[in-house]
Amino acid sequence: MLTKDGELELKKYADKEFPQTLTKVNDRIYHAFSFGHSNATIIIAQSSVILIDTLESEPSGRLLKATIEKLTAKPVKTIIYTHGHPDHWGGAEVFAESVEEVIAFAPKNKPLKHTEIINPILGKRAFRQFGYSLSDEELITQGLGIREKRGEKPLKIIKPTTVYEDWEVERVIDGVKIKMVAAPGETDDQIFVWLEDDRALCCGDNYYACWPNLYAIRGSQYRDVASWVDSLRAMSQYPAQALLPGHTKAILGEQKVQEVLENYAGALESILLQTLECLNRGLSVSEAVETVKLPSQYASLGYLKEFYGSIDWSVRGIYQGYVGWFDGNPTNLHPLSDKEYAERLIPLLGGREKVEQIIAEALNAEDFKDWQWALQLCDMLMQADKSSELKKLKAEILLKIAPLETSANGRHYYQTVAKELLGE
Ligand SMILES: [Zn+2]
């Protein structure tokens, strides 16, 4: 969300939320938090170690390996991936020598055919979302964990040796009772892992302590929010004393775990149902964004603040997910192109110079809605003229808005595109 103190709030959150912590759940379960951008769970079994996720890169993987070696001399023989995002498997190769089995689940919905064609633009947008080109000073935080270091790429994935198509699998691995349950949510291949004897639940990325990316601005297929809510409610059926997420701190205590999972599910479901209600009333996307609000009992919770995802973008994602691009208004069946619209409107506003003057005045205003107005007018001018002068102006506006954004992803996106426009 955009708010006067966006950057300040984000900075306070980042400063206090990510101290490197090895949480000892019991004599054989440890949760490694902030050893990298993501987390890993270490299970010391009878004669080996079982690892749930592996952090994101070689350096973080090595740090994890060294941490395990301080706890035990037993080798890591089993790896379970909670899902296929590289920040969870990027460190796996560090354990390649000892690992015998790597377990993952197949996605419950396959990606759309030909998605690989758009991989270059998805990559470019991800680069912007995660702020990879930004310096440490510019970046502050990546929202749900310490930053993935520039240049520290994920290693080559150790491909899963066991891929389950099932919904639930129960195993005893080296003496540890492990139940793996498919839990579509942030991704379609997401699972949670229930350790019955330890009453510990590893939830992957279906819960982390800030508003989730129900929609990712880097571009992704619809994330089925209803299934995500079901997955959270399924997790809350287990009497977990420890909730061990793929990002952000472990949560300890059965009552606290229940409370967090129920509130998280309730908050997501509320945004989903409110958006569908707006849709059913015939509201446009923009009217739905204006209307949908997180109920106050959730809005006050620290773990639902918009430091990663954003409620506005979630509403837009759900709207698009259920009915596609058309909002039901026939005006939008064959709208003028942005270029035609600009060419007709600019003269009515008094011509380019007059519009530039309006932009300058808007940028001097106090209200940041005026800055957004300036940004939209600047885009309109750029329809006719993509001169470096206008690119510079747009970059200036983006950099003025960026500090208002509480979502780390949004903030990085403004900053990175500003750099691109300035040719950096
Ligand atoms: Zn992740």
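Residues numbered from 1 in each chain as written. Predicted model: local features only at pLDDT ≥ 70, side-chain atom pairs only at ≥ 80, totals over all residues.

Draft legend 1. The overall build of the protein chain, seen in detail. For the protein chain, the count of helices and strands is 15 helices and 13 strands. In terms of overall dimensions, the protein chain is globule-like: its C-alpha atoms have a radius of gyration of 23 Å, near the 22 Å expected for 424 residues. When the 424 residues of the protein chain are sorted by exposure, 42% land in the buried category. The long-range fraction of contacts in the protein chain, counting pairs at least 24 apart against all pairs at least 6 apart in sequence, stands at 68%. (Helix = DSSP H or I, 4+ residues; strand = E, 2+ residues; numbered from the N terminus. Rg over C-alpha atoms; globule rule 2.2 N^0.38 Å. Buried ≥ 20, exposed ≤ 12 C-beta atoms within 10 Å, placed from the backbone. Contact = placed C-beta atoms within 7 Å.)

Draft legend 2. Quick look at the sheet that holds strand S1 (residues 21-24). Pairing in this open sheet of seven strands is mixed, and the strands run S1-S2-S3-S4-S5-S6-S7 from one edge to the other. Edge positions in the open sheet fall to S1 and strand S7 (162-164), since each of these has one partner strand only. Each neighbouring strand pair of the sheet contributes to a mean axis angle of 20°, computed without reference to strand direction. Sheet topology places S1 next to strand S2 (residues 29-33); four bridges connect them, and they run antiparallel. Residue threonine 21 lies in a different strand from S2, and its bridge partner there is phenylalanine 33. (Pairing = 2+ DSSP bridges. Axes fitted to C-alpha atoms, helices over the stretch in contact; angles between N-to-C directions.)

Draft legend 3. Broad picture of the pairing of strand S9 (residues 176-182). The buried fraction of S9 is high, at five of seven residues. Relative to S9, strand S8 (residues 168-173) is paired through six bridges, and the arrangement is antiparallel. Residue pairing across strands places valine 169 opposite methionine 180, the latter belonging to S9. Where S8 folds back on S9, the antiparallel hairpin that results is connected by two residues, among which aspartate 174 adopts a positive phi of roughly 45°. In the sheet, S9 pairs with strand S10 (residues 191-195) via four bridges, with the strands oriented antiparallel. When the sheet's bridge partners are listed, lysine 179 is paired in S10 with tryptophan 194.

Draft legend 4. Region of interest: helix H4 (residues 119-130). The end-to-end C-alpha separation of H4 is 16 Å, in line with the 16 Å expected for twelve residues at 1.5 Å each. All of the buried residues in H4 are Arg128, Gln129 and Phe130. Within two residues after H4, glycine 131 carries a phi angle of roughly 65°, on the positive side. (Expected span 1.5 Å × (residues − 1).)

Draft legend 5. Region of interest: the nonpolar core. Counting residues in hydrophobic clusters, the biggest one holds 109 residues, and the most contacted among them are Leu51, Ile79, Phe192, Val193, Leu201, Leu243 and Leu268. When residues of this core are assigned to their parent elements, the largest contribution, ten residues, is made by helix H7 (residues 254-280). A domain-level breakdown of this core finds at least three residues from each of domain 1 (6-323) and domain 2 (334-421). Beyond its immediate sequence surroundings of up to four residues, leucine 201 is in contact with Phe192, Trp194, Met235, Tyr238, Ala240, Leu243 and Leu244. (Core = buried A, V, L, I, M, F, W, Y, C linked by C-beta atoms within 7 Å. Domains from an automatic or database assignment.)

Draft legend 6. How the structure looks around the packing of H7 against helix H10 (residues 311-323). Contact pair H7 / H10: the axes reach a minimum separation of 9 Å and the direction vectors enclose 55°. By the angle class used here, H7 and H10 are oblique. Both H7 and H10 take part in a crossing whose hand is right-handed. From H7, Ile271, Leu272, Thr275, Leu276 and Leu279 reach across to H10, where they touch Ile311, Ser314, Val315, Ile318, Tyr319, Tyr322 and Val323. A class-by-class count of the residues in the contact of H7 with H10 yields ten nonpolar, two polar and no charged. (Parallel < 35°, antiparallel > 145°, perpendicular 65-115°, else oblique. Left-handed = near helix turned anticlockwise from the far one by under 90°. Nonpolar A, V, L, I, M, F, W, Y, C, P; charged D, E, K, R; others polar.)

Draft legend 7. Expanded view of the domain arrangement of the protein chain. According to the domain assignment, the protein chain consists of domain 1 (6-323) and domain 2 (334-421). Going through the elements one at a time, helix H1 (6-17) and H4 are the ones with two or more residues in the side of domain 1 that touches domain 2. Element by element, the count of residues in the side of domain 1 that touches domain 2 is highest for H1, at four residues. For the side of domain 1 that touches domain 2, a count of residues per class yields six nonpolar, nine polar and five charged.

Draft legend 8. Representation of helix H12 (residues 352-364) within the structure. Here H12 spans 19 Å end to end across 13 residues, near enough to the 18 Å set by a 1.5 Å rise per residue. Along its buried surface, H12 packs onto helix H11 (338-348) and helix H13 (368-384).

Draft legend 9. Representation of unusual backbone geometry. Not every positive phi belongs to a glycine, and serine 34 is a case in point at roughly 65°. Positionally, serine 34 belongs in the loop between S2 and strand S3 (40-44). Overall, serine 34 belongs to the partly exposed group, with 19 C-beta atoms counted inside 10 Å. The backbone of histidine 114 shows a phi angle near 75°, a positive value even though the residue is not glycine. Considering the arrangement of structural elements, one finds histidine 114 in the loop between strand S6 (101-105) and H4.

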